[in-house]
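# Summary of the model geometry
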Amino acid sequence: MSNSKNPESLTDRSDAMISRRRFLSGTATGAAGVAVLHKTVADITIDPTKQQGAPPAALGERSPFEKPARKVISNILSTTPLQDLHGTITPADLHFERHHGGIPLIDPDKYKLIIHGMVERPLKFSLDELKRFPAITRSCFIECSGNTGEYFRADRKNTPQTLRGLTSQSEWTGVKLSTLFREAGISSRASWFLAEGNDAAVMTRSIPVEKAWDDALVAYAQNGEPLRPAQGYPVRLLLPGWEGNTSIKWLRRLELGEQPFMTREETSKYSEPLPDGRIRQFSFEMEANSVITSPAYPEKIEPGWLEVRGLAWSGSGKIVKVEVSTDAGQNWSVAELQEPVLAKSHTRFRYLWNWQGKPAVIMSRAVDQTGYIQPTHEALRDERGLGAPYHLNSIVGWEVRADGLVYFDVKSWA
Ligand SMILES: Nc1nc2c(c(=O)[nH]1)N[C@H]1C(S)=C(S)[C@@H](COP(=O)(O)O)O[C@H]1N2
Ligand SMILES: [Mo]
């Protein structure tokens, strides 16, 4: 992977490493690295004026100077402004949204969840009854399998949001699906269940029962408050790490059966033709993915030290490594991961880079606990043919021009 035949890139790298170490240990007194990040101020004058603050408002609002916004792509889709967020959590109002039949308004007092089919006791739960069961709280991402898919164009003016904004991370609370299945006494022959939503689309998916014994959740809260209507209020199914379309919102019915139910979504939509003529179906797990959120279009950077920042995630478990390349994927260096690293969760990575003012292409590559390495676009195409706009998790780049302007690297998607 390291390119020892290229003397120029070797020199660049060792210079960068020495300065980076000095920079980190704080011994670079007056050295170029520190001066660029933090200029010394000669005249320190303190402004003595005070301003009477506003009284508390009924609703906590963002500072009027901050305007992060979802990008509404169509009446069925909106994306998370990944470039405006820090850390890993997505504020609920900035969670991406994907609706096949609009956002239904459901009265929580009238809400019911039915479990039936191959069970000893068909059951019907109110919201209060669901809340009475032992609860669990966990963080995880939800990512649409169409991320960087149907609505993505390989245009140089992509932002992190238009590139990979169909993923969001929340802390969810609810009752384990296994608790409810035990309550209903599901048959030992039941190996699949149908999950059905209460929206105009009546969205349905078939899910293997093993996912219930693993980590499926019937969720009623998100980031400390009840779900937002767009996220499935009052109750959604949450299948950590699996493609977003399986996390059925406005969940109203679970039916146990012996086989996949072959719903409309499964026969007409979520299937992917492969180069060898086979069709990939029930491709539930979201493979490891990552995106550099800064620097990215439309930023303009200055020469000197800067922190390359981004998010990595995997539906198969924890992220164990993220590597960053500043030479279009020839050499890779290990980025720092923000602890705690959680399974099936957005993981923040950071990498200090001394940009010398020369054209560069920066990329990130995620590795998860199964050893899976995020593939190049070329490798993904060889494997899957890219016949369907789903599960397109390949490595992407940002092109940094000599003038500091940053653009989506269209070549990384060719
Ligand atoms: N009932 C219902 N559930 C649904 C959908 C829907 O249209 N109706 N969309 C699915 C899809 S395609 C995705 S990617 C996720 C998106 O969840 P979010 O809107 O909370 O981000 O919800 C899934 N669950
Ligand atoms: Mo989706």
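Structural data are supplied above this passage.
Keep in mind that what you see is a predicted model, and the values were worked out from it rather than measured.

Moving on to the overall build of the protein. When helices and strands are counted, the protein shows eight helices and 24 strands. When its C-alpha atoms are laid out on the principal axes, the protein stretches across 75 × 65 × 35 Å. Here the protein holds 414 residues, and the buried ones make up 50% of them. The protein carries 50 positive and 49 negative side-chain charges, and their two centres are separated by 1 Å.

Turning our attention to the pattern of salt bridges. Following the criterion strictly, the structure yields 23 salt bridges and no others. Between R70 and E97 there is a salt bridge, with the nearest N and O atoms lying 3.3 Å from each other. Placement of the pair is R70 in the loop between α2 (32-37) and β1 (71-74) and E97 in strand β3 (residues 97-98), with a sequence separation of 27 residues. When the shortest N-O distance is used, the salt bridge between E383 and R384 registers 4.0 Å. E383 gets classed as exposed once you look at its relative accessible area, which sits at 54%. Beyond isolated ion pairs, a larger network of salt bridges with shared partners links R138, K211, D215 and K344.

The strand order across the open sheet built from four strands is β16-β17-β21-β20, with neighbouring strands paired in antiparallel fashion. Each edge of the sheet is formed by a strand with only one pairing partner; in this case those strands are β16 (289-294) and β20 (336-337).

A few words on the site of ligand 1. Around ligand 1 lies a shell of 20 residues, among which F96, H100, D199, R236 and K249 are the nearest. One of the backbone N or O atoms of F96 is found 2.6 Å from an oxygen atom in ligand 1. K249 is positioned such that a nitrogen or oxygen atom in its side chain is 2.5 Å from an oxygen atom of ligand 1. Out of a free accessible area of 530 Å², ligand 1 has 100% covered by protein chains. The cavity where ligand 1 resides is the largest cavity. A breakdown of the residues in the shell around ligand 1 according to their chemical character gives seven nonpolar, eight polar and five charged.

Where a strand is regular, its side chains alternate between the two sheet faces. Buried residues dominate strand β22 (residues 360-368), accounting for nine of its nine residues. Judged by which residues are buried, β22 turns out to be covered on both faces: A360, I362, S364, A366 and D368 on one side and V361, M363, R365 and V367 on the other are all buried.

Criteria and cut-off values
Residues numbered from 1 in each chain as written. Chains lettered and ligands numbered in written order. Predicted model: local features only at pLDDT ≥ 70, side-chain atom pairs only at ≥ 80, totals over all residues. Heavy atoms only, no water. Helix = DSSP H or I, 4+ residues; strand = E, 2+ residues; numbered from the N terminus. Buried < 20%, exposed > 50% of the residue type's maximum accessible area, 1.4 Å probe, protein only. Lys, Arg positive; Asp, Glu negative; His and termini not counted. Charge placed at Lys NZ, Arg CZ, Asp CG, Glu CD. Salt bridge = Lys/Arg side-chain N within 4 Å of Asp/Glu carboxyl O. Pairing = 2+ DSSP bridges. Near = heavy atom within 4 Å. Polar contact = N/O pair within 3.5 Å; in protein donor to acceptor, adjacent residues only side chain to side chain. Areas by Shrake-Rupley, 256 points an atom, 1.4 Å probe, with all protein chains shown as cover. 1 Å grid on protein atoms, 1.4 Å probe; cavity = no way out; pocket = protein on both sides within 12 Å on 5 of 7 lines; lining within 4 Å. Sits in = over half its atoms within 2 Å of the grid points. Nonpolar A, V, L, I, M, F, W, Y, C, P; charged D, E, K, R; others polar.

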